[in-house]
Amino acid sequence: MPPASSSSVVRHRHDGNITDIRTVGSAPSDVRSVWATTFRAVRAETERRASPLGPEDQVVQSMPDASPTKWHRAHTTWFFEQFLLVPHLPGYQVFDADFAYLFNSYYVAAGPRHARPRRGLLTRPELGRVAAYRTHVDGAVEQLIAGADEAALPELLRILEIGLHHEQQHQELLLTDILHAFAQNPIAPAYDEDWRLPRPQPKSARGFVELPSGLHTIGFAGEGYSFDNEGPAHQVYLRPVRIARGLVSNAQWLDFMADGGYATPSLWLSDGWATVEAERWNAPGYWRKADGFWMQFTLAGLKPVEPDAPVSHVSFYEADAFARWAGKDLPSEAEWEVAARAGLLDEAFGVVWQWTRSAYSPYPGFRAASGALGEYNGKFMINQMVLRGSSHATPAGHARASYRNFFYPPARWQFSGVRLADYTI
Ligand SMILES: [Fe+2]
């Protein structure tokens, strides 16, 4: 997204599943209109992703970690209202005084909130009222962008930009959450029958490539947007390692399964094995066996498992066990980032997120910002693992080499896959 000091073009592509936001230089006088255009494009993408879903679809919460579509649409709107409009638009009237309680997610400093596991019980407000909420806030944000004092603009645009990237994160969650909801339905409904699944990997994606050992800099530095958890940039030392050009395929995963991968405790971390037993895992998430063949429930409905496509919907525990079975390791996030910056990875972005063996922890010198927005990333830096790259459901332009995604080790409802590392060199 454009920095406050320049402007951008916005390309809204309807041929895929993405909104593509790229920055280019243009006249400073265009800054406000460019940001308004960017804002409209991101907001429209959320609505586009929700548009195949009816009222019943949009209210369902299939597990505590997954939120209803209606909630995503309202919560992303509340974010702009809470952090941008209420403090910065003089005379702004909140749309509904109850909504801050209903649609605050986890911002303790922003006040009390509805319990996360109970979001699916919110049959009211109805969809139409949530749509009206979005329209109300959209108009006010555009009014703010157009009318703000020049001196106040950089700070307003800074918050606006966070709100846009926040909404893009929820755009991906909207899809992973509805996939989980639809997966509970015995008739296996399709979100979009034309949904494009990750394709088989190119032959060039095979094999391993050596990383230059020694000191490297990782973390975000320079122009453009980043989340606070991507910095400070800092040096890391890498020992010699080879990293896979490509992603672990379904065929490789089938070999792991056929070799007793899910039935061999010695391959698993203790917590992982406990999860395998408790959840009775014997295959990746959304895999189902029908007439002797493995099928995979997808956003396009039930499809045969494509052997040459990258495996998806595996947890950190599974990724870790697979690597051990293969006699390899998962890369650290630093190794992943160095390799991605060097252009050594095929399908680093836009296919599946890739688990790393790195715990999600603060970079040296990281300090969360003060106030409620400081709760965005920093307070989650415990007990989760870092994923790198992006998935085919990630809005285009959202991720980058320094981007740090994070989930709990058993989570597998995201589009999460595996890239291996090899230290036997
Ligand atoms: Fe959020």
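Data block above holds the structure.
What this report covers is the structure whose coordinates are included nearby.

The rules behind these values
- Residues numbered from 1 in each chain as written.
- Predicted model: local features only at pLDDT ≥ 70, side-chain atom pairs only at ≥ 80, totals over all residues.
- Heavy atoms only, no water.
- Helix = DSSP H or I, 4+ residues; strand = E, 2+ residues; numbered from the N terminus.
- Buried < 20%, exposed > 50% of the residue type's maximum accessible area, 1.4 Å probe, protein only.
- Contact = heavy atoms within 4.5 Å.
- Axes fitted to C-alpha atoms, helices over the stretch in contact; angles between N-to-C directions.
- Parallel < 35°, antiparallel > 145°, perpendicular 65-115°, else oblique.
- Left-handed = near helix turned anticlockwise from the far one by under 90°.
- Nonpolar A, V, L, I, M, F, W, Y, C, P; charged D, E, K, R; others polar.
- Pairing = 2+ DSSP bridges.
- Polar contact = N/O pair within 3.5 Å; in protein donor to acceptor, adjacent residues only side chain to side chain.
- Donors = N, O, S within 2.8 Å, 3.2 Å for Na, K, Ca; no water.
- Expected span 1.5 Å × (residues − 1).
- Bend = angle between axes of the 7 residues up to and from the residue.

Points about the environment of A181
Then, number 1: Take A181: it is sitting in helix α6 (residues 153–183).
Then, number 2: A relative accessible area of 13% means that A181 is categorised as buried.
Then, number 3: Taking C-alpha positions, A181 is 26 Å from G163, a pair spaced 18 residues apart along the chain.
Then, number 4: Not counting residues within four places of it along the chain, the set of residues in contact with A181 comprises V60 and S62.

Examining the packing of helix α5 (residues 127–147) against α6
Then, number 1: Their axes nearest at 11 Å, the elements α5 and α6 cross at an angle of 150°. It follows that α5 is roughly antiparallel to α6 by the angle criterion. Where α5 crosses over α6, the two elements pack in a sense that is left-handed. The residues of α6 that touch α5, namely those facing R134, V141, L144 and I145, are L153, L156, L160 and E167.
Then, number 2: A breakdown of the residues in the contact of α5 with α6 according to their chemical character gives six nonpolar, no polar and two charged.

Some thoughts on the sheet that holds strand β11 (residues 385–388)
Then, number 1: Taken together, the four strands give an open sheet; going across it, the order is β12-β11-β10-β13, and neighbouring strands pair in mixed fashion. A strand with exactly one partner marks an edge of an open sheet, and here the two such strands are β12 (405–407) and β13 (416–417).
Then, number 2: In the sheet, strand β10 (residues 353–359) pairs with β13 via two bridges, with the strands oriented parallel. Each residue of the ladder has a partner; that of W353, found in β13, is S416.
Then, number 3: Across the sheet, helix α10 (residues 333–341) lies against β10 and β11, angled at about 135° from β10, the strand it touches most.

Examining the side chain of H114
Then, number 1: For H114, the location among the structural elements is in the loop between α4 (99–103) and α5.
Then, number 2: Within polar-contact distance, the side chain of H114 engages the backbone oxygen of R118 at 2.8 Å.
Then, number 3: Sequence-distant contacts of H114, defined by excluding residues within four places in its chain, comprise Y101, L102, R119 and L122.

Some remarks on the coordination of the iron ion
Then, number 1: The iron ion binds to the protein through H75 (NE2), H166 (NE2) and H170 (NE2), with metal-donor distances spanning 2.1 to 2.2 Å.
Then, number 2: Taken in sequence order, the residues that donate to the iron ion follow the motif H-x90-H-x3-H. Highlighted residues: H75 in helix α3 (residues 69–88) and H170 in helix α6, separated in sequence by 95 residues.

Here we look at α3
Then, number 1: The end-to-end C-alpha distance of α3 is 28 Å, a good match for the 28 Å that 20 residues give at a rise of 1.5 Å each.
Then, number 2: At E81, α3 shows its maximal bend, which comes to roughly 35°.
Then, number 3: Burial within α3 is extensive, with 16 of its 20 residues counted as buried.

Observations concerning the packing of α3 against α5
For any two helices packed against each other, one specifies the crossing angle of their axes together with the interaxial distance.
Then, number 1: The contact between α3 and α5 brings their axes to 9 Å, and the two run at 30°. Here the hand of the crossing between α3 and α5 comes out left-handed. Residue-level inspection shows K70, R73, A74, T76, T77, W78, F80, E81, L84, L85 and H88 of α3 in contact with α5, the latter providing L127, V130, A131, Y133, R134, V137, A140, V141 and L144.
Then, number 2: Considering only residue class, the contact of α3 with α5 consists of 13 nonpolar, three polar and four charged.

With respect to the pairing of strand β9 (residues 301–304)
Then, number 1: Examined bridge by bridge, strand β8 (residues 293–298) and β9 share four bridges and lie antiparallel to one another. Looking at the pairing, M295 lines up with P304 of β9.
Then, number 2: Linkage of β8 to β9, two consecutive antiparallel strands, is achieved through a turn of two residues.

Some details on unusual backbone geometry
Then, number 1: With an omega dihedral of 0°, the bond running from R124 to P125 counts as a cis peptide bond.
Then, number 2: Tracing the backbone through its elements, the reader meets P125 in the loop between α4 and α5.
Then, number 3: Looking along the chain, the bond that leaves G231 and enters P232 is cis, with omega of -5°.
Then, number 4: With respect to the element layout, P232 can be found in the loop between β4 (214–218) and β5 (234–238).
Then, number 5: Positive phi, close to 75°, is recorded for Y286, a residue that is not glycine.
Then, number 6: In this fold, Y286 is placed in the loop between α8 (270–279) and β7 (287–290).
Then, number 7: A relative accessible area of 12% places Y286 in the buried class.
Then, number 8: Positive phi, normally seen in glycine, also occurs at E347, with a value near 55°.
Then, number 9: Here E347 shows up in the loop between α10 and β10.

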